[in-house]
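Understanding the architecture of this molecule
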Amino acid sequence: MPKAYVFDRHGGPEVEALADVERPVPGPGQVLVAVRAAGVNPVDWKRRVGYAPVGAPPIELPAVFGSEVSGVVEEVGEGVTWFNPGDAVFGNPTTGGYAEYTLLPAELTAHKPAEVSFADAATLPVAAATAWDGIRQLELPPGATLLITGVGGGVGVAAAQIALHEGLKVIGTASVGKKDFVEGLGVTYVEPGTGVADRVRAAAPGGVDAVYDLVGGAALEEVAEVLEDPGKLITAADRQTVAKLGGSPVRRARDRAVLDAVARLVVEGVLRPYVTETFPLDRAGEALRKVEDGHARGKIVIEVSG
Ligand SMILES: NC(=O)c1ccc[n+]([C@@H]2O[C@H](COP(=O)([O-])OP(=O)(O)OC[C@H]3O[C@@H](n4cnc5c(N)ncnc54)[C@H](OP(=O)(O)O)[C@@H]3O)[C@@H](O)[C@H]2O)c1
């Protein structure tokens, strides 16, 4: 039987296991994919502890981890005409990504350009697409200054590159150990923590036009005061705090057009996914711990042998 990395109840890492699972069968509008790579995201461990993303269907247990994959189409369900067996694709699975096989809704699946590796493509459906959606939402003109909190992680690295490509100036907070890494992206580094608002003002004497928060909580509250217009404050990390501050959560488009757009940026050399570590499926737990520890650098990816 195919393998998958699952949780069978809500809790800590002790509820995780590599398990034998049924090979899923594609229903109408679905694509069965032999997974080649799966991106690891904070939402994966958050679902394990019981968090339900807004609009997501209730979690059925046991559940397979993972919400972004790349792979090769094995079978297509009724009504799917855009994909054929053998196509290399990437997208958002409905039956988990840390698995040998998964199902993707055809509308959340895109063809993988040949120039993009499976590992890189697996970072696009959640991390890069969230970065893209946030930058679109902010509608900043070239030359504007954007502050990104948590710039050294999966969404932040992608958001910084997209923003810089669009002619924005980018200031970012990350732990001191990531200073050289984020400066290498072209971002002006600011240390987070007490006094961060003053350090941001010093780094942006002309003012900050927008904040894209990827940390939430106190880190979001501490930087909100640098903005005159809370309408330009968005977060992917903390709906409650941003509502209190007058800002908004990032609005996710969740469609194929965004997947195609971010893949095009990779092909053009604008967006580098920065996969900093890969793990085989039987070490998925180690990959997840890297992200759950809260200090991931770029993207962590699980590779599934083809
Ligand atoms: N709504 C959506 O659709 C959506 C989609 C994707 C992600 N998200 C959410 O967005 C957030 C970021 O996702 P991600 O994939 O980028 O996570 P990630 O890869 O874990 O990156 C988060 C980054 O924040 C940094 N960080 C932690 N505390 C910080 C602080 N106080 N100040 C500055 N940086 C800090 C971390 O490392 P250092 O501390 O070492 O710098 C890490 O690099 C998560 O909460 C995730 O659940 C939401």
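For the structure given in this document, a descriptive report is provided here. Owing to the predicted nature of the structure, the values given are computational and were not obtained by experimental measurement.

By nearness alone, 24 residues border the ligand, and Lys46, Ser175, Lys178, His295 and Ala296 come closest of all. Contacts to the ligand include Ala236, whose backbone N or O atom sits 3.5 Å from a nitrogen atom. Backbone polar atom of Ala296 to an oxygen atom of the ligand: 2.7 Å apart, as the coordinates give it. Relative to its free-state accessible area of 900 Å², the ligand is covered by the protein chains to the extent of 83%. Secondary structure elements with two or more residues in the shell around the ligand: helix H1 (42–48), helix H3 (124–138) and helix H4 (154–165). Of the residues that constitute the shell around the ligand, the class distribution is 11 nonpolar, nine polar and four charged. Taken domain by domain, the makeup of the shell around the ligand includes at least three residues from each of domain 1 (3–123 + 273–303) and domain 2 (127–249).

If you walk through the whole model with that rule in mind, you get 17 salt bridges. Between Arg9 and Asp8 there is a salt bridge; the shortest N-O distance is 3.0 Å. With a relative accessible area of 43%, Arg9 lands in the partly exposed category. Among the salt bridges present, the one from Glu221 reaches Lys244, with a minimum N-O distance of 2.9 Å. One end of the pair, Glu221, is in helix H7 (residues 217–224); the other, Lys244, is in helix H8 (residues 239–244), and 23 residues separate them in sequence.

Basis of the calculations
Residues numbered from 1 in each chain as written. Predicted model: local features only at pLDDT ≥ 70, side-chain atom pairs only at ≥ 80, totals over all residues. Heavy atoms only, no water. Near = heavy atom within 4 Å. Polar contact = N/O pair within 3.5 Å; in protein donor to acceptor, adjacent residues only side chain to side chain. Areas by Shrake-Rupley, 256 points an atom, 1.4 Å probe, with all protein chains shown as cover. Helix = DSSP H or I, 4+ residues; strand = E, 2+ residues; numbered from the N terminus. Nonpolar A, V, L, I, M, F, W, Y, C, P; charged D, E, K, R; others polar. Domains from an automatic or database assignment. Salt bridge = Lys/Arg side-chain N within 4 Å of Asp/Glu carboxyl O. Buried < 20%, exposed > 50% of the residue type's maximum accessible area, 1.4 Å probe, protein only.

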